[in-house]
Number of protein chains: 2
Amino acid sequence: MSLTVVGSIAFDTVRTPFGERERMLGGSATHFSLAASFFDEVRMVGPVGEDFGDEEYAVLHARGVNTDDIERVSGGETFFWRGHYEYDLNTAHTDETRLNVFGEFQPKLSEASRAAETLFLANIQPDLQREVREQCEGARLAGLDSMNLWIEIARDALVRTIGGVDLVFMNDAEIRMLCKEPNLVRAARQLMDMGPRAVVAKQGEYGARLFTRESIFSLPAYPLETVNDPTGAGDSFAGGFLGYLSSQGGADADDEAMRRAMAYGSVLASFNVEEFGTERVRRLTRDEIEGRYGELVEMTRLEAVAAA
Amino acid sequence: MSLTVVGSIAFDTVRTPFGERERMLGGSATHFSLAASFFDEVRMVGPVGEDFGDEEYAVLHARGVNTDDIERVSGGETFFWRGHYEYDLNTAHTDETRLNVFGEFQPKLSEASRAAETLFLANIQPDLQREVREQCEGARLAGLDSMNLWIEIARDALVRTIGGVDLVFMNDAEIRMLCKEPNLVRAARQLMDMGPRAVVAKQGEYGARLFTRESIFSLPAYPLETVNDPTGAGDSFAGGFLGYLSSQGGADADDEAMRRAMAYGSVLASFNVEEFGTERVRRLTRDEIEGRYGELVEMTRLEAVAAA
C-alpha cells in the first residue's frame, strides 16, 4: 500500500533543560514520514524554501521517503520555529514562529500522491486539510491531527474536516476542548459521531487510548529514562501508527492490527523524544523497533483470572 | 492471610460539579478496608469520636471489616474534612480540616492487629507510620502511602519510614518531588534504593505503574463515563491491591500476582469514584469486580508480532 502525508516541513531551534539545537530539520510531515518509513512507502507533501538543501533531502532519502511533492519555493524561506521546554516536557513554549513559505502554502498533489490509499493530514489549517482530503479521492483511510489553535479560531472548519476522515489523532485535552466535554470517553464518542470511525487520544508521557465504536484499547507510553526533546512526538506516533496500518491493508486492517499500530506509534514516539529533532530516528533500525515493541507487550501483559 | 490497616477515619463533606454530600463516612482506613474486604480479612485501626455511631460501624461490619481496634475517644469528635473539586477532578481543594481525635492519635494495636502478615500504613504522619511498622513485627509485607505535605515538612522522617516497608504507593508527582528527580523511571529506582522492593506510581485518570527491581508493569485506568467524587480513590486502589495480594500469599506472592493486584486496585478505585464517598463500594459485588477486571484484560491486550 502507499501513504501520503501533507504537513509542515520546518527548521526548529529547540532548547530543553537537557540541551539545545539550532535549525534542525523538523516539521510535522518530516517526523511523520521518518516514522512511517519503517513500515511502508511514504510520499511527503509540503513547502520548503531555498534554504532547504541537499543535507535535508538526504535525511529523507536515506529512509526512502519520496520527496517528489515537496514544493521548493524560489526566493522563499522554510518555515521556522523556535521554542523551549521546561522540566515539564509536556508543554512546548513557542518563542518565535516564522511561517515563511508555509504561510502561502496551497497543497497541489501530484497524481501519485493523490493515488495513495492512506492519507495523513498533519496539523495544518483545517480548510487546507479538507482541500487535500478532497483531492485524494482514492484514499480509503484518512487520518488527521489538529491543535488547540484551530479549535479556538476555526472550530466549524475543523468539525467539517473531521467529518471527512476516518481517524482522528489528538491530545486528550484537545478532544475535551473540541467537544466541550470534560469526560474523555464521552468526548471521544461525540467525536466519532462527527464521522470518524476511530479516535486516538494521545496522553503524552502516559500513553494513548484508541476509541472505536466497539471497543477501547489503552496503551501506556514506553517508560523512558531519558527524554531530551519531545518535539515531533505526536507526529512520530501518527507515523508509526499509520505506516504500520497501511502495511497491513490500511482501511481493511482489523481491530488487532489497530492495536499493534498503537504500539508501533508509541515505540516510534519513544525513540523520537530520546534525542533532539530527528537525531535518533534517522539511525533507528527495525530490530530496535521490534525490540521495544516486545518490551511493551511484556510490560502490559495482564492475565485473566478464573471466576471467584 | 490477614491484613491490618492504620489510617484516618473521617466524616467528609464533599462538593463536586456533579453534586454534594455532608458528613459521609470516609477516611483513608475506611476506603482501604472496604476495598480490601472483597479479598481477605481486614482489621481497621484508627481513632473516632463519640459522633461515630452504629450507622458507621454497620457499613464496615456489612463488609466483614474487623473494627475491634477502632479506638472510640470519649468526649471526642471524629476527624472532619470538607473539600471540593472543580471539573479537573484530579485536584482536591481543602476548605476545612478539623483533626479532632486524629490530632492526638497514638496507634495502640492489639495483639491480633499486630499479628497480621500484611500491613498498610495509610497516609498519616511518617513517624507514626514507623511506630506502627515497628509494633507489627510479624508483618512480612508492609506498604505505605504518603503525600506532598509530609515530603515538605517531614521528608527525613518519611525517608526513614520508607526504609522499613516493602511497597510504596504514591502519586507520580509525589514520587518525583520526594526524589527531586523529574524522570519517573529514575525516581522510582531511587525510591527502591531507599528500601522497598516495589513502587506503585498512581497516575490518577491515566492509571498506574508498578516498578520492581526486575520489571515495569503499566496499567491504564478503567475508562469511566461518570466520575462523581474522586475522594478515596488512592486508598481504594491500595485496598484492592493489598487485599488481593494478601489473599495470594502476601510477601510470597509472585510477579504475576502483583500484576493482578494492580488490576484489582484499579477496579476498586474505579468503582469508588463513580459515586460519592462509600456509596458505590458498599453495594459492590465480587461478580462486578471480576467483570470489570475482565474488561481491563481485554482493553489492554496486545499481541506479540513475528519478527520482521
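Numbering of residues starts from 1 in every chain and runs along the sequence as written. Each chain takes a letter, starting from A, and each ligand takes a number, starting from 1, following the order in which they are written. Residues qualify for local features only when their pLDDT is at least 70, as the model is predicted, and side-chain atom pairs are given and counted only at 80 or more; totals for whole chains, interfaces and linings, by contrast, use all residues. Water and hydrogen atoms play no part in the side-chain values, which are based on all heavy atoms of the structure.

Chemist: Is there a simple way to explain the overall build of chain A in this structure?
Modeler: Helices and strands together make up the secondary structure of chain A, namely 11 helices and 13 strands. Radius of gyration here uses only the C-alpha atoms, and the compact-globule reference equals 2.2 Å multiplied by the residue count raised to the power 0.38. Relative to a compact globule of 308 residues, whose C-alpha radius of gyration would be 19 Å, chain A shows 18 Å and is just as compact. Here the C-alpha coordinates of chain A stretch approximately 70 × 40 × 35 Å along the principal axes. We call a residue buried when its accessible area falls under 20% of the maximum for its residue type, exposed when it is over 50%, and partly exposed in between, using a 1.4 Å probe and counting protein chains only. The burial tally for chain A puts 62% of its 308 residues in the buried class. Should any heavy atoms of two residues lie within 4.5 Å, those residues are considered in contact. For chain A, long-range pairs separated by at least 24 residues make up 63% of all intrachain contacts whose partners lie at least 6 apart in sequence. In this description, accessible areas are obtained by the Shrake-Rupley approach with a 1.4 Å probe, and a residue is regarded as covered only by the protein chains that are shown. When the accessible area of chain A is evaluated, it comes to approximately 11700 Å², of which 45% is carbon and sulfur surface. Only DSSP runs of H or I covering at least 4 residues are called helices, and only runs of E covering at least 2 are called strands; the numbering of each starts at the N terminus.

Chemist: In this structure, what is going on with the relation of the copies chain B and chain A? I would like to understand it.
Modeler: Put simply, the second copy of the chain is the first one after a rotation about an axis and a shift along it. Superposing copies: least-squares fit, C-alpha atoms only, residues required to have pLDDT of at least 70 in both. With an RMSD of 0.0 Å, the operation that places chain B on chain A is a rotation of 180° combined with a shift of 0.0 Å along the axis. Both chain copies can therefore be described as sitting about a two-fold axis. A shared binding surface is used by both copies, with 98% of the interface residues of chain B retained as interface residues in chain A.

Chemist: What is the right way to look at helix 7 (residues 172-179) of chain A in this model?
Modeler: An α-helical turn contains 3.6 residues, so any two residues separated by three or four positions project in the same direction. Residues and elements named next belong to chain A. Of all eight residues in helix 7, six are buried; the element is thus mostly enclosed. For helix 7, the complete set of buried residues consists of Asp 172, Glu 174, Ile 175, Arg 176, Leu 178 and Cys 179. The elements touched by buried residues of helix 7 are helix 5 (148-153), helix 6 (155-162), strand 10 (167-171), helix 8 (184-193) and strand 11 (198-202). Immediately beyond the C-terminal end of helix 7, within one or two residues, lies Lys 180, with a positive phi of roughly 50°.

Chemist: Got a minute to help me understand the sheet that holds strand 11 of chain A in this structure?
Modeler: In any sheet, the strands associate via hydrogen bonds between backbone groups, in a parallel or an antiparallel arrangement. Residues and elements named next belong to chain A. DSSP-based pairing: two strands are paired if at least 2 bridges between them are found. The strand order 5-4-1-8-9-10-11-12-13 describes an open sheet built from nine strands, whose pairing is mixed. Edge positions in the open sheet fall to strand 5 (70-72) and strand 13 (216-219), since each of these has one partner strand only. Averaged over neighbouring strand pairs, the angle between their axes works out to 15° when direction is ignored. With four bridges joining them, strand 1 (residues 2-6) and strand 8 (residues 118-121) adopt parallel strand pairing. Bridge pairing in strand 8 places Leu 3 opposite Thr 118. As a rule, the C-alpha atoms of each element are fitted with a line to give its axis, helices using only the stretch in contact, and angles between N-to-C directions run from 0 to 180 degrees. Docked against the sheet, helix 1 (residues 28-36) engages strand 1, strand 4 (41-48) and strand 8, running at close to 165° with respect to strand 4.

Chemist: Help me understand the packing of helix 1 of chain A against helix 9 (residues 233-247) of chain A in this model?
Modeler: Residues and elements named next belong to chain A. For the pair helix 1 and helix 9, the least separation of the axes is 7 Å and the interaxial angle reads 40°. On the basis of the axis angle, helix 1 is oblique to helix 9. Like other packed secondary-structure pairs, helix 1 and helix 9 cross with a definite hand, here right-handed. Facing Ser 28, His 31, Phe 32, Ala 35 and Ala 36 of helix 1, the residues of helix 9 in contact are Asp 235, Ser 236, Ala 238, Gly 239, Gly 240, Leu 242 and Gly 243. Its residues placed into classes, the contact of helix 1 with helix 9 shows five nonpolar, six polar and one charged. Convention used here: angles under 35 degrees read as roughly parallel, angles over 145 as roughly antiparallel, angles from 65 to 115 as roughly perpendicular, and any remaining angle as oblique. What makes a crossing left-handed is the near helix being turned counterclockwise from the far one by less than a right angle; a clockwise turn instead makes it right-handed. Think of it as three bins: nonpolar holds Ala, Val, Leu, Ile, Met, Phe, Trp, Tyr, Cys and Pro, charged holds Asp, Glu, Lys and Arg, and polar takes everything else, Gly as well.

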